[in-house]
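A look at the structure
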Amino acid sequence: MSDVILYERDPDYIPRVAAVHDMCGYGKCSLTAAIPILSAAGCDVCPVPTALFSAHTRYRVFTFHDTTDMLSGYLDAWRSEDVELDAVYSGFLGSPDQVAIIRRLYDEYPDALRLVDPVMGDGGEMYPTYTTRLCEAMGALADGADVLMPNLTEAAILTGRDYPGRDLDDAAVDDLLEALLSLGARNVVLKGIDRGDGMIRNYVASASVGVGARREIAHERLPYMIHGTGDAFASALCGALMAGRGLAESARIAGEFVRHAMAHTRNQPHYEDRGVSFELDLADLTSLVG
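Residues numbered from 1 in each chain as written. Predicted model: local features only at pLDDT ≥ 70, side-chain atom pairs only at ≥ 80, totals over all residues. Heavy atoms only, no water.

Considerations on the overall build of the protein chain
Assigned secondary structure in the protein chain consists of 10 helices and 11 strands. Taken over the C-alpha trace, the protein chain has a radius of gyration of 18 Å; the compact-globule value for 290 residues is 19 Å, and the two agree within 12%. Looking at the protein chain as a whole, 56% of its 290 residues qualify as buried. Excluding contacts between residues fewer than 6 apart, the proportion of contacts in the protein chain whose partners are at least 24 apart in sequence is 70%. (Helix = DSSP H or I, 4+ residues; strand = E, 2+ residues; numbered from the N terminus. Rg over C-alpha atoms; globule rule 2.2 N^0.38 Å. Buried < 20%, exposed > 50% of the residue type's maximum accessible area, 1.4 Å probe, protein only. Contact = heavy atoms within 4.5 Å.)

Some details on the pattern of salt bridges
Taken as a whole and judged by the stated rule, the model has 18 salt bridges. Close ionic contact of arginine 79 with glutamate 108 constitutes a salt bridge, the shortest N to O distance being 3.8 Å. With arginine 79 in helix H2 (residues 68-80) and glutamate 108 in helix H3 (residues 98-108), the pair connects residues that are 29 residues apart, well separated along the chain. By relative accessible area, arginine 79 is classed as partly exposed at 31%. Salt bridges sharing common partners tie together Asp76, Arg79, Arg104 and Glu108. (Salt bridge = Lys/Arg side-chain N within 4 Å of Asp/Glu carboxyl O.)

Some words on the packing of helix H5 (residues 152-159) against helix H6 (residues 170-181)
Contact geometry for H5 and H6: axes closest at 10 Å, N-to-C directions at 55°. Regarding the angle of H5 to H6, the classification is oblique. Helix-helix and strand crossings are classified by hand; for H5 and H6 the assignment is left-handed. Judged by residue contacts, Leu152, Ala155, Leu158 and Thr159 of H5 engage Leu176, Ala179 and Leu180 from H6. Of the residues contributing to the contact of H5 with H6, the split by class is 6 nonpolar, 1 polar and no charged. (Axes fitted to C-alpha atoms, helices over the stretch in contact; angles between N-to-C directions. Parallel < 35°, antiparallel > 145°, perpendicular 65-115°, else oblique. Left-handed = near helix turned anticlockwise from the far one by under 90°. Nonpolar A, V, L, I, M, F, W, Y, C, P; charged D, E, K, R; others polar.)

Digging into the UniProt feature "domain: Pyridoxamine kinase/Phosphomethylpyrimidine kinase" (unreviewed entry) in the protein chain
When the UniProt feature table is mapped onto this chain numbering, "domain: Pyridoxamine kinase/Phosphomethylpyrimidine kinase" (unreviewed entry) sits at residues 37-266. Across residues 37-266 one finds 39% helix and 22% strand; the C-alpha atoms that close the span lie 19 Å apart. (UniProt positions renumbered as here; feature names shortened; annotations may be inferred.)

So, the pairing of strand E1 (residues 16-26)
Regular strands place side chains that alternate from one sheet face to the opposite one. Sheet topology note: the E1/strand E2 (residues 44-55) ladder contains 9 bridges and is parallel. Bridging across to E2, histidine 21 finds its partner in proline 49. In terms of handedness, the path from E1 via helix H1 (residues 31-40) over to E2 forms a crossover that is right-handed. (Pairing = 2+ DSSP bridges. Right-handed = clockwise from strand over helix to strand, strands pointing away.)

Quick word on the packing of aromatic side chains
With the rule as written, the count across this model stands at 6 aromatic pairs. Consider the rings of phenylalanine 92 and tyrosine 130, whose centres lie 5.2 Å apart with planes at 75°: the pair is edge-to-face. Placement of the pair is phenylalanine 92 in the loop between strand E4 (87-90) and H3 and tyrosine 130 in the loop between strand E7 (125-126) and helix H4 (132-139), with a sequence separation of 38 residues. There is no split in this pair, since phenylalanine 92 and tyrosine 130 are both buried. The structure contains a cluster of three or more aromatic residues connected by ring pairs, namely Phe53, Phe62, Phe64, Phe92 and Tyr130. (Phe/Tyr/Trp six-rings, centres within 6.5 Å; stacked < 30°, edge-to-face > 60°.)

Rendered as structure tokens:
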């Protein structure tokens with residue numbers, strides 16, 4: 001498969017991306033990842049906060065505030081000021097009704113890229129604030145997505161399957177990619193296949209050429225887990241796309257960005273709890289447009 005270019009970058013223009021994610025005060029995820037990572041890749045990031053958390057839901061204690069009631073007025077104000085967007089990048093949602101908010105952005109900005117990280121869970125489990133109804137609503141965003149970026153848990157939810165575990169052979173990967181593309185996504189990046197050989201694999205497939213031409217991108221698997229790597233990966237992938245890089249190349253750049261950030265995180269005090277420390281690696285993304 002030849003690489004898919006989704007955005008032609010003008011070196012003198014700074015693209016504007018609406019980042020539709022929650023805001024966590026602590027834990028390095030969602031908007032606290034998307035804003036600095038996309039900014040480092042030369043994007044103007046306009047946050048649309050879907051929820052406010054004291055910390056993400058992997059912590060034992062956290063506060064949660066659903067922002068649904070404020071979002072219609074929020075976007076009305078944007079429209080009154082003629083805000084323009086080049087991409088809509090969505091992630092964690094606070095309620096099923098927020099899918100309509102994202103669809104409003106699609107309607108009002110029909111030329112903007114639709115970049116969907118269907119944040120719903122990991123390790124075979126939904127996140128604590130998610131419900132079956134919210135997951136069903138999230139699935140509607142797959143149809144027409146320029147890039148759909150699920151992990152294996154999210155891919156299973158979207159396709160109505162049992163969680164398959166992280167060790168999928170090539171035939172199972174192809175079957176899952178086919179099912180995801182059949183939801184209406186133009187391109188899919190399937191994240192996090194672990195076959196126990198010291199590598200983490202991500203797969204890129206496009207509806208235009210079919211699963212038979214999909215690309216495998218492998219990275220060294222570090223022997224520890226850090227929360228927030230999925231958000232960092234998706235944000236870096238979107239940043240590379242908006243820098244004019246191809247989809248498979250963007251997935252490779254994002255994977256290496258996360259691997260480097262995880263290595264730096266290991267050097268921090270209480271690294272298991274702090275979230276992925278990507279600050280020292282942001283220059284890798286700035287170099288794409290510098």
